[in-house]
Amino acid sequence: MGDLFRIDVVYSTQHWIFPTIIISILVILGLVILVTEGMGRVKAGKGFFTKPGRFFAENYDKVKLWGCVVLMVAYFFLLDKIGFTVCSIIFVFLFNTLFAGPARMKDVRYHVVSVIISVVSVLIISILFGTVFDITLPDGVCTIWIQSLGITIF
Amino acid sequence: MPFAIGPEYIAVALLGVVIGIIFGAIPGMTATMAVAVFLPLTYAYSMEMALYLLLGLYVGGISGGLVPAILISIPGTPSSVCTTFDGHPMALRGESERALKIGVTASFFGGLISLAVLALFTPILAGWAIKFSAVEKFLIILFALTVIAALSKGQMLRGIWIGLLGVLIAMMNQFSVNNAYRMVPDGLKTYMQGGFQLFPVLIGLFAMAEMFEQCETGMHAKYSKDDSAGIGENVKFRFSDFKGQVINVFRSSLIGTFMGILPGVGGSAASLIAYSQAKSWSKHPELLGTGVPEGLIASESSNNGLTGGALVPLLSLGIPGDSTTAVLIGAFMLQGVQVGPLFITNNPEVWNTILVALLICNVLMFLVMFFPVKLLAKVILIPQERLYPVVLMMCSVGAYATLNGRMFDVWCLLLFGVVGYLLKKLHFPVSCFLIGFILGRDLENYFIQAITAYNGHLTGFFVRPMGWVIWALIIIFVAYAILDNRKSKKRNRTAAMKGE
């Protein structure tokens, strides 16, 4: 009886004690959730497993959602190849364009504002963090190192 | 009582409050996001300076939510849900300026009352916590996880499950005692020595996931220029609006504060409870919801009461009271300050600074919001499509700088953004996952320490009287959750039937 409530703490394997416990609970609890929710559906007159409902919202904005994911991947991929400042200016502008929607795509003023926002916001962050606070930002081919002043513009 | 104060600190606090209010006032952006996005800025600050900025963002972020709640009936932050009930009807009657000013004043009182509770309560709780052994520390975290699950309305099991998944994800690292890796793919061992970093996980779950969701629905503006243009002045605000509301202010603020002390309870729960209490104690409950100051005061003083409350468990036990204070833990870690039972004894100056900073931030919040009320109403017009690109850029900087420049952490932003988005789609409470992730490593360490101390016997968890108290609390909360779970399920069912 006493041994049932005892766990051997062995140095070489103790990193697996807690994960094992958690995984076991997750599996058991997961089954309980499946069964109780399934039973609830049966009670409500539906099948134990129902066809999953619509995943995306009705008429979801495919361009914005997938465009956002693609742009993010491209942005992160290029960040430490191009360098923070130049890469971010390009991508903040691209995100602004993506989010514009078809109605404003031809509006020149919208895009002018996008350019201003991307250049100003990125320069503020880049100078404030990278140059003034000396925090490392992703560097790439467009990173400028001014040796005489000891300044790096990432 | 030494503490840090000076014009530079006040300037930083003002900056924090203003930015916080803007974040809070824009639907879809929250106080948590404000604090998280500006966290990297504090890398270069001293601890005190960082506190002024972050607390300013916190107070401002929670308060800003009342603006869109009143003007367009969309809560800017989840904690101002109940503000819409009475605030918006007032605005429709042309009393929006009065409503905004009542809301701001109520928020201010709520903040002050919770500050008093914070100052009195934290040392007492820390005094108890000092006597905790690994067993009690383990149980306290278990308690925290139970409370969050208990409060995920109608889906307790899912709450617990996703919380434990968070714990599991937190353990994907090199275990500190025997330096062995677990659950880490071979190729990622160089990056995942310390597991996933808090900042990218948090920002991913909250900001990136929110961005994906906004993209999905097309990022449409939820309001037009008219909403803020016609700010009405039919009835002027007078401080006598608060006459007869003193008890309401105190009750609601204290409800907010104590809900904040319970780990993981969001502001929406606090303001809902305060609102329903105000309704049941009111002399004319039928008027609540039609646009009376009483309901507005209850909602706003309770959600600002949360700010002080959520800091109590953070500073005395090292457990965050809500998602915003979870980010604050990150700030303390970055500065090398250990929060927990010994925090006040070891860092009296930082502790005093927190109290002073919180007071100053509340005063600033009041000044910034009360007088330029008309300007404030324009904040809701800042379009999301302009903000999200900049927020993404700032988040990448923050993630990259978390561990001195690694792209791995930036990619985690995307990873956890997708995770957060999926969790929401599958109706799992995201905050449970986050709290599990934050507390997971401590939970494991204390568990291993406890069973090592008791030579592997699990009975060790039941032998100390102090542990019994925590066990009792856990049982009470589970029982409450089961009852409440049944009730809200029944409510959902009747609502569904009525709908049919």
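Everything quoted here is computed from the prediction, not taken from an experiment.

### Re helix 2 (residues 62-82) of chain A
All names here are of chain A. The end-to-end C-alpha distance of helix 2, which contains 21 residues, comes to 28 Å, matching closely the 30 Å that a straight helix rising 1.5 Å per residue would cover. Those residues of helix 2 that fall on the buried side of the exposure criterion are Lys64, Leu65, Cys68, Met72, Tyr75, Phe76, Leu79, Asp80 and Ile82. Glycine 83 occupies a position one or two residues after helix 2 and carries a positive phi of about 115°.

### What about the interface of chain A and chain B?
Between chain A and chain B, the contact holds 51 residues from the first and 53 residues from the second. Looking at the side of chain A that touches chain B, the elements that each hand over two or more residues are helix 1 (17-43), helix 2, helix 3 (84-100) and helix 4 (108-132) of chain A. In terms of residue count, helix 1 of chain A provides more of the side of chain A that touches chain B than any other element does, 12 residues in total. Partitioning the side of chain A that touches chain B into residue classes produces 37 nonpolar, 9 polar and 5 charged.

### Looking at the nonpolar core
Ranked by internal contacts, the top residues of the largest apolar core, which has 196 residues, are B:Ala13, B:Val35 and B:Leu202. Setting aside chain neighbours within four positions, we find B:Leu202 in contact with B:Ala36, B:Ala326, B:Val327 and B:Leu434.

### A closer look at helix 14 (residues 323-334) of chain B
All names here are of chain B. End to end, helix 14 covers 17 Å across 12 residues, agreeing with the expected 16 Å (1.5 Å per residue, within 8%). Of all 12 residues making up helix 14, 9 are buried, and the element is well covered by its neighbours. Taken together, the buried positions of helix 14 are Ser323, Thr324, Thr325, Ala326, Val327, Leu328, Gly330, Ala331 and Phe332. If you follow the buried residues of helix 14, they end up packed against helix 2 (31-38), helix 3 (47-64), helix 9 (198-216), helix 13 (293-317) and helix 20 (430-453). Looking one or two residues beyond helix 14, the residue adopting positive phi is glycine 336, at roughly 75°.

The rules we used
Residues numbered from 1 in each chain as written. Chains lettered and ligands numbered in written order. Predicted model: local features only at pLDDT ≥ 70, side-chain atom pairs only at ≥ 80, totals over all residues. Helix = DSSP H or I, 4+ residues; strand = E, 2+ residues; numbered from the N terminus. Expected span 1.5 Å × (residues − 1). Buried ≥ 20, exposed ≤ 12 C-beta atoms within 10 Å, placed from the backbone. Contact = placed C-beta atoms within 7 Å. Nonpolar A, V, L, I, M, F, W, Y, C, P; charged D, E, K, R; others polar. Core = buried A, V, L, I, M, F, W, Y, C linked by C-beta atoms within 7 Å.

No statement about biological role is implied by the geometric values presented.
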